[in-house]
Amino acid sequence: MPGILHGIAVLIVLGASVPAVAADLGARPYGRAPAYAAPIYQWTGFYLGGHAGGAFSGSTNFGGLALSNYDARFLGGVQVGADFQFAGNFVVGIEGQYSWLSSNKIGSIFPAGFVYSNNQRGLGSVTGRLGYSWGPALFYAKGGYAYSSHDETLTFGGAPVAFTLNRDHRDGYTVGGGIEYLFTPNWSAKAEYQYYDFGKSRFVAPAALVPFGTFSNDEHSLKAGLNYRFNLGSTAARY
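This report concerns the structure included in the present document. (Residues numbered from 1 in each chain as written. Predicted model: local features only at pLDDT ≥ 70, side-chain atom pairs only at ≥ 80, totals over all residues. Heavy atoms only, no water.)

1. Topic: the overall build of the protein
What the protein contains, in helices and strands, is one helix and 15 strands. Buried residues in the protein amount to 36% of all 239 residues. Of all intrachain contacts in the protein linking residues separated by at least 6 positions in sequence, the fraction that spans at least 24 positions is 70%. (Helix = DSSP H or I, 4+ residues; strand = E, 2+ residues; numbered from the N terminus. Buried < 20%, exposed > 50% of the residue type's maximum accessible area, 1.4 Å probe, protein only. Contact = heavy atoms within 4.5 Å.)

2. Considerations on the pattern of salt bridges
Summed over all chains, the structure comprises 12 salt bridges. When the shortest N-O distance is used, the salt bridge between R229 and D83 registers 2.5 Å. Of the two residues, R229 sits in strand β14 (residues 214–229) while D83 sits in strand β5 (residues 73–86), which places them 146 residues apart along the sequence. In this structure D83 comes out as buried when scored by relative accessible area, which is 6%. Between D151 and R121 there is a salt bridge, and its shortest N-O distance comes to 3.5 Å. Pair noted here: D151 is in strand β9 (residues 137–156) and R121 is in strand β8 (residues 114–134), with a separation of 30 residues, a long-range link. D151 sits in the partly exposed class, given a relative accessible area of 37%. Salt bridges here are not isolated pairs; linked through shared partners, they connect E95, K142, K190, E192 and K223. (Salt bridge = Lys/Arg side-chain N within 4 Å of Asp/Glu carboxyl O.)

3. Topic: the side chain of H220
Within the secondary structure, H220 is located in strand β14. H220 sits in the buried class, given a relative accessible area of 18%. A distance of 2.8 Å separates polar atoms of two side chains, one belonging to H220 and the other to Y193. Setting aside chain neighbours within four positions, we find H220 in contact with G54, A55, F56, S57, G58, Y193, Q194 and Y195. (Polar contact = N/O pair within 3.5 Å; in protein donor to acceptor, adjacent residues only side chain to side chain.)

4. Regarding unusual backbone geometry
Residues A205 and P206 are joined by a peptide bond in cis, for which omega reads 5°. Topologically, P206 is positioned in the loop between β13 (187–205) and β14. Notably, A87 is not glycine yet its phi reads approximately 50°, a positive angle. Inspection of the secondary structure puts A87 in the loop between β5 and β6 (90–101). Residue A87 is classed as exposed on the basis of its relative accessible area of 62%. The backbone of H169 shows a phi angle near 45°, a positive value even though the residue is not glycine. Relative to the elements of secondary structure, H169 occurs in the loop between β11 (164–165) and β12 (171–182). Classification of H169 by relative accessible area gives buried; the value is 3%.

5. Things to note about a nonpolar patch on the surface
Where nonpolar side chains cluster on the molecular surface, the patch consists of F84, F86, F90, V92, L130, Y132, W134, F139 and I179 and spans about 880 Å² of accessible area. Secondary-structure elements contributing two or more residues to the nonpolar patch are β5, β6 and β8. A total of three residues in the nonpolar patch trace back to one element, the largest contributor, which is β8. Within the secondary structure layout, V92 lies in strand β6. (Patch = residues over 30% accessible without salt bridge, like charges linked within 9 Å, V, L, I, M, F, W, Y side chains within 5 Å. Areas by Shrake-Rupley, 256 points an atom, 1.4 Å probe, with all protein chains shown as cover.)

6. Overview of the side chain of E180
Mapping E180 onto the fold places it in strand β12. A relative accessible area of 0% means that E180 is categorised as buried. Side-chain polar atoms of E180 contact the side chain of R129, separated by 3.1 Å. Those residues in contact with E180, other than ones at most four positions away along the chain, are W43, R129, P136, A137, L138, Y140, S188, A189, K190, N227 and R229.

7. So, the packing of aromatic side chains
Summed over all chains, the structure comprises 13 aromatic pairs. A centroid spacing of 5.0 Å and a plane angle of 70° characterise the contact between W187 and Y228, whose relative ring orientation is edge-to-face. Of this pair, W187 sits in strand β13 while Y228 is found in strand β14, placing the two residues 41 residues apart along the sequence. On the basis of relative accessibility, which here comes to 28%, the residue Y228 falls in the partly exposed class. Considering the side-chain rings of F203 and F215, the 6.4 Å spacing of their centres and the 40° angle between planes classify their relative orientation as tilted. Taken together, the residues span a long stretch of sequence, with F203 in strand β13 and F215 in strand β14 at a distance of 12 residues. The residues F203 and F215 share a single accessibility class, namely buried. Taken together through their ring pairs, the aromatic side chains of F110, Y116, F163, F203, F212 and F215 make up a single cluster. Here the basic side chain of R129 rests over the ring of Y140, its NZ or CZ set 4.4 Å away from the ring centre. (Phe/Tyr/Trp six-rings, centres within 6.5 Å; stacked < 30°, edge-to-face > 60°. Lys NZ or Arg CZ within 6 Å of the ring centre and 35° of its normal.)

Laid out in structure tokens, this is it:
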């Protein structure tokens, strides 16, 4: 009997000590797992890059006399710009672009014996961009100021002749659109179409060319480009 009583006393002491030990260990913390935040793609920042593609002139004529050589020619150039992403997926930006063109001497031989030629060397633009991002892709439209760099000549019997047009047709407008895709945190590729319109012109002198009326000055281009984008951080930014 004394042994049994002694065993009961030991159990009582041990039972009393267990809560104290548990209290010393402290309560086990419980918390909710962090909520998963879906990745988003950030377009805000500056960029610069290059592009290549092709360009071709629109349908142009002098009073029914079609100009020659409308074959597409190579173009290559550079672009620089800045974008700002807002309201979730919308992107607004500004871009400056210049494209050098391979030789393209458009010419027309008039019944009066004059030969006109226009060698367009480059196309430039400063445009605004507005787009909508869908994951790593950005679909955008663009439009703004356009500039044409070209040399014009008029000859008669092979000799240069002075001439005057009613407008310079170096300044105009451009519209277009395309898609750009982020394939690394700082690199993106794009493909775009751009239309340039430099208005209509007509000869004021020499008098023999005045009756032939006006001719249009427009261009179409298809380009693929590559941009390096600054200040973007990680492509998969989290809220």
